[in-house]
Amino acid sequence: MVTIIVFALLAFHSLTVFGTTQPLIIFSKHSSELTLNSGIYTRNGSSGVNYYYEAIEVQVNTTGNYTFTSSSSIEDTYGYLYQRNFYPSAPSYNIVSKDDNGAGNGQFQVIAALRSDTKYILVFTTFHENNTGSFSILTSGPDNVFNPIEVLSTTTPMPICDTLEFKEQPMLNTSGTAPQSAISADFNNDGHSDLAVTNYDTNTVSIFLGIGNGSFQSPSMNFSTKGINPYWLVANDFNSDGNLDLAITNEQSNTVAILLGLGNGSFKLPAITFASGGSLPSSIIATDLNNDNKIDLVVTNTGSDNITVFLGIGNGTFQLPGKSYTAASLPSSITSGDFNGDDNIDLAVVSRGSNKLLIYFGLGNGTLWSNFTSYTTGLFPYVVRSADFNGDSKLDLVVGNFYSNSISIFLGTGTGTFIMASPSTYPTTGAGPIDIAIQDLNGDAVVDLAVSNQIGNTITMFLSNGNGTFQQGKNYSSTGKKLQSIIAQDFNEDGMYDLTVTSQNTNALTILLTQCV
């Protein structure tokens, strides 16, 4: 990473006020930038995998209270302070303090009491994925902490776990029926990972607030989606207030519902709804298609064979109606990323009725090239996810083939095209792979795959070799029935990613805590 560093040191001399000498306050400043060559990780509290970051060692020579404040061309920054070590593969481990908008205008202000006998690392990153730009960090405290300045080009990896097992926790009852899609984020701003899940038959979203030890507050809080059969959901800050909101597809109502977060785990009712741009909306993602630092939405409309883009205004509303683009038969899942290296967000969609993977190129102004590029998948592709599987800093794709009982790996060239990996297809250990979680599960700094198999009621884990290939899938059983959504998050904050999967026929979520044995 090319780093631009400017160092400045200012000091207020000690002051005598009413006969009392006030302590010296020293300001130190570090300036740099996030670029496309910066490190990428999954920041704590998010399930996205494309957050650029810079890790800076904090030199504490004098014990005391310190404040770290960001100033950046990036609209929404995020700061994390770690003690001892920072593990990109386990970003929840060793956190001392964190902040998103404490300084206002999307800038963080991390405040902490630091000791001179402890190593600290400050991580500068962003609230939204795929954001780059220049930044400065101004620190105030009893001593200069950026002298000498040391930007960590490498960070200590987590100890690699050769053998993983999962300890199943008591099921979380959703207080609704047929739980469908689940996501993990911090909805009440307490630093712990929470859960949100759609209840397909009862038209609600259940919120489980995490305690930080692998358990959750129960019963859940439930919120109406103001529509019929809520299917997929995504979390982001749509109204720029620093709190996470939800966007949900109501499949039988052909609508999208917006629930604005209050920052305490609750959401404002009633939900805001608008037409999805087609029929049977299924998958939904949040991204920035027009580079205005405001969150946009893209929906797959499975019943009308199209996808629809809704540009965000930044106040919780979206430009209506959205702009729709033709897809192949039965588009069911979508993911985003810069696939051709032009700094604009592109889209990847699987259409399960035509066994195709579709690539739409973004123009950077909120529109897409109307003609998509297509690749052949296995039978009935139900889900697509993106990450870098071979360490070349180019986004790759994985597709779950429901009727082939397999996953397919497509390696990105960085020019917008994809080639089949060798091997390109891996059998799952159960029938009906329907969702895929991507995360570094064994601490070797490369992302692995966890696949939920709906018909087989099992989870298949594929550990990555780091070169675009994976080890043979390992089977894990679940007490759940008719599995659906799967996510990876560190629920007990031990530095290892855990799993949760929705179980439609038991109206519950299964929590699987990772253990190294």
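Parameters at a glance
Residues numbered from 1 in each chain as written. Predicted model: local features only at pLDDT ≥ 70, side-chain atom pairs only at ≥ 80, totals over all residues. Heavy atoms only, no water. Disulfide = S-S within 2.5 Å. Helix = DSSP H or I, 4+ residues; strand = E, 2+ residues; numbered from the N terminus. Salt bridge = Lys/Arg side-chain N within 4 Å of Asp/Glu carboxyl O. Buried < 20%, exposed > 50% of the residue type's maximum accessible area, 1.4 Å probe, protein only. Core = buried A, V, L, I, M, F, W, Y, C linked by side-chain atoms within 4.5 Å. Domains from an automatic or database assignment. Contact = heavy atoms within 4.5 Å. Buried area = accessible area lost by both parts, 1.4 Å probe. Polar contact = N/O pair within 3.5 Å; in protein donor to acceptor, adjacent residues only side chain to side chain. Nonpolar A, V, L, I, M, F, W, Y, C, P; charged D, E, K, R; others polar. Pairing = 2+ DSSP bridges. Axes fitted to C-alpha atoms, helices over the stretch in contact; angles between N-to-C directions.

Trainee: Explain the state of the cysteines residue by residue, including any values.
Mentor: Taken as a whole and judged by the stated rule, the model has 1 disulfide. In this model, cysteine 161 is linked to cysteine 516 through a disulfide, with the two sulfur atoms separated by 2.2 Å. Linking cysteine 161 and cysteine 516, the disulfide has an S-S dihedral of approximately 115 degrees and is accordingly described as right-handed. A residue pair is termed long-range when its members are at least 10 positions apart, and cysteine 161 in the loop between β12 (133–141) and β13 (164–168) and cysteine 516 in strand β41 (residues 508–516) qualify at 355 residues.

Trainee: Give a detailed account of the pattern of salt bridges, specifying residues and quantitative values.
Mentor: As enumerated under the stated definition, the model contains 3 salt bridges in all. In this structure, glutamate 165 engages lysine 474 in a salt bridge whose closest nitrogen and oxygen atoms are separated by 3.6 Å. One end of the pair, glutamate 165, is in strand β13; the other, lysine 474, is in strand β38 (residues 474–477), and 309 residues separate them in sequence. Glutamate 165 gets classed as partly exposed once you look at its relative accessible area, which sits at 30%. The salt bridge involving arginine 385 is made with aspartate 435; its shortest N-O contact spans 2.7 Å. With a gap of 50 residues between them, arginine 385 in strand β31 (residues 381–387) and aspartate 435 in strand β35 (residues 433–439) connect regions that are remote in the sequence. Per residue, the accessibility class of arginine 385 equals that of aspartate 435, and both read buried.

Trainee: Lay out the nonpolar core in plain terms, naming residues and giving numbers.
Mentor: If you look at the biggest cluster of nonpolar residues, it comprises 29 residues, and the most contacted ones within it are Phe86, Val123, Phe187, Ala196, Ile207 and Leu246. Those elements that provide at least two residues to this core are β6 (51–58), β8 (77–83), β11 (120–126), β15 (179–185), β17 (204–208), β19 (230–236), β20 (245–250) and β21 (255–259). Both domains that furnish three or more residues to this core are identified here as domain 1 (25–151) and domain 2 (164–516). Leaving out residues up to four positions away in the same chain, isoleucine 207 has contacts with Phe187, Leu195, Ala196, Ser220, Met221, Phe223, Leu246, Gly265 and Phe267. Counting residues in hydrophobic clusters, the runner-up holds 21 residues, among them Tyr231, Val234, Ala286 and Phe318.

Trainee: Quick rundown of the domain arrangement of the protein? Include the residues and the values.
Mentor: The assigned domain composition of the protein is domain 1 (25–151) and domain 2 (164–516). With 20 residues of domain 1 at the contact, the number on the domain 2 side is 28 residues. Surface buried jointly by domain 1 and domain 2 totals about 1800 Å² across both partners, of which 46% is contributed by carbon and sulfur atoms. Connecting domain 1 to domain 2 are 1 salt bridge. Residue lysine 98 pairs with aspartate 186 through a salt bridge whose shortest N-O separation is 3.7 Å. Inspection of the domain 1/domain 2 interface yields 1 residue pair in polar contact (both at pLDDT 80 or more). The residue inventory of the side of domain 1 that touches domain 2, partitioned by class, reads 6 nonpolar, 11 polar and 3 charged.

Trainee: Provide a residue-level description of the sheet that holds strand β25 (residues 306–310), including the pertinent values.
Mentor: Across the sheet, which stays open at both edges, the 4 strands sit in the order β23-β24-β25-β26 with antiparallel pairing between neighbours. Looking at strand neighbours, the two that pair on one side only are β23 (281–287) and β26 (323–326), the edges of this open sheet. On average, each strand axis in the sheet is tilted by 20 degrees relative to the strand beside it, whichever way the strands run. In the sheet, β23 pairs with strand β24 (residues 296–301) via 5 bridges, with the strands oriented antiparallel. By the bridge assignment for β24, threonine 287 is matched with aspartate 296.

Trainee: I'd like to hear about the sheet that holds β21, residue by residue, with values.
Mentor: The strand order across the open sheet formed by 4 strands is β19-β20-β21-β22, and the pairing between neighbours is antiparallel. Lying at the two open borders of the sheet, with one neighbouring strand each, are β19 and β22 (272–275). Across this sheet, the average inter-strand angle for adjacent strands is 20 degrees, counted without regard to direction. As defined by bridge partners, β21 adjoins β22 across 4 bridges and the pair is classed as antiparallel. Counted as the bridge partner of alanine 257 is threonine 273 from β22.

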